[in-house]
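Chain by chain, the residues:
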Amino acid sequence: MTRAMGAAMRRIHVGNALSAFGLGFTVPYLYVYVAQVRGLGAMTAGLVLAVFAVAALIVLPFAGRAIVRRGPRPVLLAALVTAAVGALSLGVANSSTAVLSSAAALGAGQAVMQPALATMIVDCSTADTRSRAFAMQFFLQNLGLGVGGLIGGHLVDSTRVDSFTLLFSIEAVVFLLLAVVMATVRMPHSPRIEGAPAQSVKGSWKQLLGNRAMVQLSVLGFVLFFACYGQFESGLSAYGVEAAGISTSALGTALAANTLMIVVAQFAVLRFVERRRRSRVIAAVGLIWAVAWVMAGYAGLGHGSQEMATAAFVSTYALFGLGEAMLSPTVAPLVADLAPTGLAGQYNSAFALVKQLALAVGPAVGGPLGASLHGPYIVTFLLFSLGITFLALRLGRQLTAVQDQPWLGKSRVVARGGAAAEPVVAEA
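Residues numbered from 1 in each chain as written. Predicted model: local features only at pLDDT ≥ 70, side-chain atom pairs only at ≥ 80, totals over all residues. Heavy atoms only, no water.

So, the overall build of the protein chain
Alright, step 1. A count of helices and strands for the protein chain gives 17 helices and 2 strands.
Alright, step 2. Taken over 428 residues, the protein chain has a buried fraction of 53%.
Alright, step 3. A sequence separation of at least 24 residues applies to 84% of the contacts in the protein chain between residues at least 6 apart.
Alright, step 4. A total of about 17,900 Å² of accessible surface is found on the protein chain, and carbon and sulfur atoms cover 65% of it. (Helix = DSSP H or I, 4+ residues; strand = E, 2+ residues; numbered from the N terminus. Buried < 20%, exposed > 50% of the residue type's maximum accessible area, 1.4 Å probe, protein only. Contact = heavy atoms within 4.5 Å. Areas by Shrake-Rupley, 256 points an atom, 1.4 Å probe, with all protein chains shown as cover.)

Next up, the structure:
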């Protein structure tokens, strides 16, 4: 990595931390703000959360094309300004229409930030440093979310509208500050393959769908996000309360255990996974999460004491955190290595779209199932976790040696999914 790439990467990591801080600062309090503080009711509050997901699903396909055409930094700056406007207007909105339109702007802006930042990481890293860069991104995102939620919780007062106005105003300032930081990033020229054919943006989606490895990774990604992230604050929490008798304070402890595991284990885990096949690391995550669901089953369906049930439930969230720490330096770099030259933004946006779909479907399926059908809920997601292992091993057969074991080709640049490029590199 050159000095210029290192300097750019440091600013990008600051951007990841600030964007996560802004997200954690307000999102946990949206429901209370809309339903109670503004007095717009539970229906409008639920629609606000749905609008976040819908806005992301609408803008992400266009974000990929924009990143390919304009580069990630201009797209990121536009997303930050849009999110800032949405946050500021949400803080003063006092009608359902104003709240929903503001939420749409905030959700769209936040959705585009992640693939843009991920593409900037790809452009400022090499095959040797990419896993560590994405591990750092994940670490800072979780740290930012935790710190943002903690500070935001101390600022808000459900009896005072102005406390929420202040909260959203600070979030808007954070996004604008991030825009200033990102505007100073000097993006280095990305390496390219000599003689590589120019890629058509119009045909990029067709090309992506023709990349069997990327399609399989997208299916695997959907299952990953559906079976884990899509259950954290919906099905699994409902199951814990209804089946295991977990108190709200214990649920908070479980969420804290998840974050703590990620923060503590991230770089120790990184040393473990850096020299192992990516497909087998993902397969191991499926097995770890299967154990987590067994622990959750014991918490709600076993016959131990309440203390044992609580310990098992907290352990479930901690095991999920261990799996997340293993995935962060594995999946995102693999998406980048499967992307043809110049189309990393398209592939990052497509994978972000898969994540949003899983996060939209996961709570809708898991919430009612976890609250009422406890046994079937555990069995269903235990099978999904074992499915992750199966899909990961199957994906490994589609990857080249360098894509699955990037340390084998330190001087290579992957030109297209399914085939490693010849190691002839020129500066763009």
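On we go.
A short note on the side chain of Glu171
Alright, step 1. Checked against the element boundaries, Glu171 lands in helix 7 (residues 161-183).
Alright, step 2. Buried and without a salt bridge, Glu171 has Arg38 as its closest oppositely charged side chain, separated by 13 Å.
Alright, step 3. Apart from residues lying up to four places away in sequence, Glu171 is in contact with Gly22, Leu23, Phe25, Thr26, Ala87, Leu106 and Gln110. (Lys, Arg positive; Asp, Glu negative; His and termini not counted. Salt bridge = Lys/Arg side-chain N within 4 Å of Asp/Glu carboxyl O.)

Digging into the packing of helix 12 (residues 278-301) against helix 13 (residues 306-327)
Helix-helix packing: each pair is described by the crossing angle between the helix axes and the interaxial distance.
Alright, step 1. In the contact formed by helix 12 and helix 13, the axes pass within 8 Å of each other and the chain directions differ by 170°. Classified by the interaxial angle, the pair formed by helix 12 and helix 13 is roughly antiparallel. Here helix 12 runs over helix 13; the crossing is left-handed.
Alright, step 2. In the contact of helix 12 with helix 13, the residues fall into 22 nonpolar, 3 polar and 1 charged. (Axes fitted to C-alpha atoms, helices over the stretch in contact; angles between N-to-C directions. Parallel < 35°, antiparallel > 145°, perpendicular 65-115°, else oblique. Left-handed = near helix turned anticlockwise from the far one by under 90°. Nonpolar A, V, L, I, M, F, W, Y, C, P; charged D, E, K, R; others polar.)

A closer look at the pattern of salt bridges
Two side chains with opposite charge may pair up if their charged atoms get near one another.
Alright, step 1. One pass over the full model with this rule turns up 4 salt bridges.
Alright, step 2. For the salt bridge of Arg278 with Asp337, the shortest nitrogen-to-oxygen distance reads 2.8 Å. Residue Arg278 is found in helix 12, and its partner Asp337 is found in helix 14 (residues 331-338); the two are separated by 59 residues along the sequence.
Alright, step 3. Taking the relative accessible area as the measure of exposure, Asp337 reaches 7% and is therefore buried.

Quick word on the nonpolar core
Alright, step 1. With 119 residues, the main nonpolar core has Met182, Leu217, Leu220, Leu236, Trp289 and Phe313 as its most contacted residues.
Alright, step 2. It is helix 5 (residues 96-123) that contributes the most residues to this core, 11 residues altogether.
Alright, step 3. Those residues within four positions of Leu220 in sequence are excluded, and the remaining contacts are Ile282, Ile388, Leu391, Ala392 and Leu395.
Alright, step 4. One finds Ala56, Leu60, Ala111 and Ala352 within the second-largest nonpolar core, a separate group that totals 5 residues. (Core = buried A, V, L, I, M, F, W, Y, C linked by side-chain atoms within 4.5 Å.)

Points about the packing of aromatic side chains
Alright, step 1. The final tally for this structure, using the stated rule, is 15 aromatic pairs.
Alright, step 2. Their ring planes at 65° and their centres at 5.9 Å tell us that Phe225 and Phe351 sit as a pair that is edge-to-face. Taken together, the residues span a long stretch of sequence, with Phe225 in helix 9 (residues 212-227) and Phe351 in helix 15 (residues 344-372) at a distance of 126 residues.
Alright, step 3. With relative accessibility at 12%, the residue Phe225 sits in the buried group. (Phe/Tyr/Trp six-rings, centres within 6.5 Å; stacked < 30°, edge-to-face > 60°.)

Topic: helix 4 (residues 72-92)
Alright, step 1. Here helix 4 spans 31 Å end to end across 21 residues, near enough to the 30 Å set by a 1.5 Å rise per residue.
Alright, step 2. Restricting attention to buried positions, one finds in helix 4 the residues Pro72, Val75, Leu76, Ala79, Leu80, Ala83, Ala84, Gly86, Ala87, Leu90 and Gly91.
Alright, step 3. Taken together, the buried residues of helix 4 touch helix 2 (30-37), helix 3 (41-70), helix 5 and helix 7. (Expected span 1.5 Å × (residues − 1).)

Thoughts on the confidence of the model for the protein chain
Alright, step 1. Taken as a whole, the protein chain shows an average pLDDT of 81; of its residues, 90% reach a score of 70 or greater.
Alright, step 2. Within the model, pLDDT remains below 50 along residues 190-201, and this stretch shows 26 contacts once partners closer than five positions in the same chain are excluded.
Alright, step 3. Under a pLDDT of 50 for its full length, residues 411-428 has, in the predicted model, 50 contacts with residues more than four places off or in other chains. (pLDDT = per-residue confidence, 0-100.)

Focus on the packing of helix 10 (residues 235-242) against helix 15
Alright, step 1. Here helix 10 crosses helix 15 at 10°, and the two axes come no closer than 7 Å. Considering the angle they form, helix 10 stands roughly parallel to helix 15. Listed contacts from helix 15 to Gly235, Ala238, Tyr239 and Glu242 of helix 10 are Gly366, Gly367, Gly370 and Ala371.
Alright, step 2. Along the lines of polarity and charge, the residues of the contact of helix 10 with helix 15 split into 3 nonpolar, 4 polar and 1 charged.

Some points on a nonpolar patch on the surface
Alright, step 1. Among the surface-exposed residues, Leu143, Val147, Leu150, Ile151, Leu155 and Leu166 lie close enough to one another that they form a single nonpolar patch of about 470 Å² accessible area.
Alright, step 2. By residue number, the principal contributor to the nonpolar patch is helix 6 (residues 130-155), which donates 5 residues.
Alright, step 3. Under the relative-accessibility criterion, Leu166 is labelled partly exposed at 45%. (Patch = residues over 30% accessible without salt bridge, like charges linked within 9 Å, V, L, I, M, F, W, Y side chains within 5 Å.)

Description of the environment of Thr389
Alright, step 1. Along the polypeptide, Thr389 turns up in helix 16 (residues 374-396).
Alright, step 2. Since its relative accessible area comes to 12%, Thr389 is described here as buried.
Alright, step 3. Taking the C-alpha atoms as reference, Thr389 lies 6.7 Å from Ala284; in sequence the two are 105 residues apart.
Alright, step 4. Setting aside residues up to four positions removed in sequence, Thr389 forms contacts with Ala283, Gly286 and Leu287.
Alright, step 5. Separated by 2.8 Å, the side chain of Thr389 and the backbone oxygen of Ala283 make a polar contact. (Polar contact = N/O pair within 3.5 Å; in protein donor to acceptor, adjacent residues only side chain to side chain.)

Observations concerning the environment of Thr400
Alright, step 1. Counting through the fold element by element, Thr400 comes out in the loop between helix 16 and helix 17 (401-404).
Alright, step 2. Given the relative accessible area of 16%, Thr400 is considered buried.
Alright, step 3. Between the alpha carbons of Thr400 and Ala213 there is a distance of 9.7 Å; along the sequence they are 187 residues apart.

A look at the environment of Met295
Alright, step 1. Positionally, Met295 belongs in helix 12.
Alright, step 2. We classify Met295 as partly exposed; its relative accessible area is 28%.
Alright, step 3. Measuring from C-alpha to C-alpha, the distance between Met295 and Phe313 comes to 6.7 Å, with 18 residues separating the pair along the chain.
Alright, step 4. Those residues in contact with Met295 that lie beyond four places of it in its chain are Ala312, Ser315, Thr316 and Leu319.

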